[in-house]
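Observations on the model geometry
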Amino acid sequence: MEIFINEVSLEGQYLNEAEFRDAVKTFTAIFVLINEKIQDKKLYKEESDRINIYEAIRDSNFPTSLNQLKDKSLKTAFMNIVFNKSNPQKWRIEKLHSPEDLFDCLISDDNYKDVSDTSLAEVTERKLKSPDSKYLLINFPNSSFRMEHPDIRHNCLITIIKNNDEINLICLDAIDSKLALECWLEEKLNLSQLEYSFDSTKLPTDKQTILRDTTRFKKTANKCQGRSIYIELTTGRYWYVDNLHKSNPHLEVFDKTGKNHLGEADLDGNINYSKSDSDKIIDV
């Protein structure tokens, strides 16, 4: 299979160093998992001087944005992924598409973006020539390439048309988070066991629940019933897997004080507020 970094997804979408830092963490985690899980793969990137023209932090090109990262170890890990010769190779060495061809990417309904002579054009051409091969695009988080994938949870679907000819219309799988990659690996390569079987005699692991979404939840040092408690980043609510009900696996949800039980959630994170219990509290 072939995996391409989508440099076009660098759109100046990060307002400051903190937002870009979080995106770099997410991007780095994706490649750590790729290297752990996928053995038979080829990684591709754009030429470094061409990547450098794109903006990461708004009004700052890629190198300037990287220089703003305060976490030097994170910057080094990221640089090793993007620029290290032992990692993604330069696809232009093996370029298949012609720079004279026009490639347009569907961003939203009837809204197209010119992606000619980019990684998106190259992977489209390869898909046209080898439709049975597997291809995956890695987006930088929070880009405009966020069309929801109809078949794979948390994934994006990138639709590209060559030379305005619908015969040359290609749909490509894309991810921008570790969770999305896990779902793709499970769907396409059967490499991840994310789904919990309700016939199981064991309780679900945290990774078999919504808690695996590291863009939404962060593990705390606290535990309840021997299970890790997670904080929901946007609300401050606390979640953990109930360790006492194998016949009805669910998560317990508390407010940001831990003193008010809000209800029970299914493994996908849907809260049933009618299950709130005023007698339940947690120490956070």
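Details of the structure are given in the entry above.
Right, let's walk through the structure included here. Everything numeric in this text was worked out from a predicted model, so none of it was measured. (Residues numbered from 1 in each chain as written. Predicted model: local features only at pLDDT ≥ 70, side-chain atom pairs only at ≥ 80, totals over all residues. Heavy atoms only, no water.)

Right, let's get into the sheet that holds strand β14 (residues 251-254). Pairing within the open sheet is antiparallel, and its six strands lie in the order β11-β12-β13-β14-β15-β16. The open sheet has two edge strands with one neighbour each: β11 (217-224) and β16 (271-272). Note: strand β13 (residues 238-241) against β14, four bridges, orientation antiparallel. By the bridge assignment, Trp 239 is partnered in β14 with Val 253. (Pairing = 2+ DSSP bridges. Helix = DSSP H or I, 4+ residues; strand = E, 2+ residues; numbered from the N terminus.)

Looking now at helix α1 (residues 17-37). Compared with the 30 Å implied by 1.5 Å per residue over 21 residues, the 30 Å span of α1 between its first and last C-alpha is a close match. Restricting attention to buried positions, one finds in α1 the residues Glu 17, Phe 20, Ala 23, Val 24, Thr 26, Phe 27, Thr 28, Ile 30, Phe 31, Leu 33 and Ile 34. Sitting at the amino-terminal end of α1 is Asn 16, which places a side-chain oxygen 3.2 Å from the backbone nitrogen of Ala 18. (Expected span 1.5 Å × (residues − 1). Buried < 20%, exposed > 50% of the residue type's maximum accessible area, 1.4 Å probe, protein only. Polar contact = N/O pair within 3.5 Å; in protein donor to acceptor, adjacent residues only side chain to side chain.)

On to helix α6 (residues 178-189), then. When the terminal C-alpha atoms of α6 are compared, their 15 Å separation across 12 residues agrees well with the 16 Å that a helix rising 1.5 Å per residue should span. Looking only at α6, the buried set comprises Leu 179, Ala 180, Leu 181, Glu 182, Cys 183, Trp 184, Leu 185 and Glu 186. Close packing links the buried residues of α6 with α1, β8 (135-139) and β10 (169-175). (Contact = heavy atoms within 4.5 Å.)

Attention now goes to the nonpolar core. Judged by nonpolar contacts, the single largest core of 57 residues is most densely connected at Phe 20, Phe 27, Phe 31, Ile 34, Phe 62, Ile 138 and Ile 158. If one sorts the elements of this core by residue count, α1 sits on top with eight residues. Once residues lying within four places of it in the same chain are set aside, the contact partners of Ile 34 are Ile 3, Lys 41, Leu 43, Ile 138 and Leu 181. If you look at the next biggest cluster of nonpolar residues, it comprises 12 residues, including Phe 217, Tyr 230, Leu 251 and Val 253. (Core = buried A, V, L, I, M, F, W, Y, C linked by side-chain atoms within 4.5 Å.)

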